[in-house]
Amino acid sequence: MVPITWYLILAAFLFSCGLYAALARRNAIAVLIGVELMLNAVNINLIAFWRYGENVENLAGQMFSIFVIAIAAAEAAVGLALIISVYRNRKTVNLDELDVLQG
Amino acid sequence: MPANLDELIAQLPTFQQFMFVQVALFTAVMALLVVLARNLFHNALALVGALFGVAGLYALLEAEFLAVSQVLIYVGGISTLITFAIMLTRGMMFGDTSPNNRQAGTAAIVIGTMFSVMAGFLLQVPWQEAYVELGDGQAIIANLGRLFVNEYLIPFEMMALLLLVVLAGAIMLARDHMIE
């Protein structure tokens, strides 16, 4: 049996990587990739806690993960559509050049 | 002597642990590549690898349906979408395309601290590890389907509605207005 801590630490590592991508990258698509990585880390945690919990039968962790995956797909679709739309108007997707709303 | 041998065998990693370490290392390396590679297209390719690794973890945790949906939705769908977006935005395929912004150094320090605190915390807590062996007909995909149309019916329908709205909204947003 794999100790649950191993899964949790791997998930924490993936989450940190995703957070770094979301905070430190300039390109909007790279930021979106980081968000996807973070969502996956959360899913690993949900499934690990489901498998190592006492109520394996009621499948709550799996249900949660499926909903997270669906929301992530929706978020990626709208996010990328927004990026394409912004690119069409501004000819750039670098986040620090998009400062129209800055007073 | 046989007692010693038994002890030695008990200390060896099990097959599951061996597989976990391999999949986890692959996923971690891919995740690092996602963040550190300079070329945006390489980031997207590494993301595909990391998502495959996560699907392997789901399989190790005996969540077969999730492993399959992970490959279908993430590797098949979202990665393709990201690749298309990269190719639609100009000149992203070659060279250093995605530099970091000014707060990269600060972000690295903060996130390094956060990860070490989190890892220390995770190692300290005595997690509950019931780990019931799954028998025949336990936690199978049919049960998932039954839950979807009973207890989780409302969220399931809301999800369908959300996906429909997203489909229409994404097309509206990404549409080329010049064509009209």
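Because the structure is a prediction, the values reported are computed rather than measured.

Some remarks on the nonpolar core
Among the nonpolar cores identified, the biggest contains 71 residues, and Ala-21, Ile-29 and Ile-33 of chain A together with Val-34 of chain B are the most heavily contacted of them. Within the residue set of this core, elements represented by two or more residues are α1 (4–24), α2 (28–52) and α3 (60–90) of chain A together with α2 (15–36), α3 (40–60), α4 (64–88) and α7 (153–174) of chain B. The element contributing the most residues to this core is α2 of chain A, with 15 residues. Once residues lying within four places of it in the same chain are set aside, the contact partners of Ile-29 of chain A are Ile-83 and Val-93 of chain A together with Leu-40, Ile-82, Ala-85 and Ile-86 of chain B.

Some remarks on the domain arrangement of chain B
For interface size, the figure often reported is the accessible area lost on association. If you check the domain split of chain B, you get domain 1 (12–98) and domain 2 (138–180). Using C-alpha coordinates to define each centre, domain 1 of chain B is positioned 23 Å away from domain 2 of chain B.

Overview of the interface of chain B and chain A
With 71 residues of chain B at the interface, the matching set in chain A holds 58 residues. Those elements giving two or more residues to the side of chain B that touches chain A turn out to be α2, α3, α4, α5 (104–124), α6 (141–148) and α7 of chain B. With eleven residues, α4 of chain B is the single largest residue contributor to the side of chain B that touches chain A.

What about the confidence of the model for chain B?
Residues and elements named next belong to chain B. On average, chain B scores 87 in pLDDT, and the residues at 70 or more come to 92%. Considering each helix and strand of chain B separately, the mean pLDDT is smallest for helix α1 (residues 2–11), with a value of 72, and largest for α7, with 94. In the predicted assembly, ipTM is 0.91 and pTM is 0.89.

Quick look at the packing of α2 of chain A against α3 of chain A
Residue and element names in this part refer to chain A. Between α2 and α3, whose axes approach to 9 Å, the crossing angle comes to 175°. Here α2 lies roughly antiparallel to α3, going by the angle between them. Every residue of α3 that contacts α2 at Ala-28, Ile-29, Leu-32, Glu-36, Leu-39, Val-42, Asn-43, Leu-46, Ile-47, Phe-49 and Trp-50 is listed here: Ala-60, Gly-61, Gln-62, Phe-64, Ser-65, Val-68, Ile-69, Ala-72, Ala-76, Gly-79, Leu-80 and Ile-83. Its residues assigned to classes, the contact of α2 with α3 shows 17 nonpolar, five polar and one charged.

Some details on unusual backbone geometry
A positive phi angle, close to 60°, is found at Lys-91 of chain A, a residue other than glycine. Along the polypeptide, Lys-91 of chain A turns up in the segment after α3. Taking the number of C-beta atoms within 10 Å as the measure of exposure, Lys-91 of chain A has 10 and is therefore exposed. The phi torsion at Glu-62 of chain B lies on the positive side, around 60°, for a residue other than glycine. Secondary-structure assignment places Glu-62 of chain B in the loop between α3 and α4. Given 16 C-beta atoms within 10 Å, Glu-62 of chain B falls into the partly exposed group.

Calculation rules
- Residues numbered from 1 in each chain as written.
- Chains lettered and ligands numbered in written order.
- Predicted model: local features only at pLDDT ≥ 70, side-chain atom pairs only at ≥ 80, totals over all residues.
- Core = buried A, V, L, I, M, F, W, Y, C linked by C-beta atoms within 7 Å.
- Buried ≥ 20, exposed ≤ 12 C-beta atoms within 10 Å, placed from the backbone.
- Helix = DSSP H or I, 4+ residues; strand = E, 2+ residues; numbered from the N terminus.
- Contact = placed C-beta atoms within 7 Å.
- Domains from an automatic or database assignment.
- pLDDT = per-residue confidence, 0-100.
- Axes fitted to C-alpha atoms, helices over the stretch in contact; angles between N-to-C directions.
- Parallel < 35°, antiparallel > 145°, perpendicular 65-115°, else oblique.
- Nonpolar A, V, L, I, M, F, W, Y, C, P; charged D, E, K, R; others polar.

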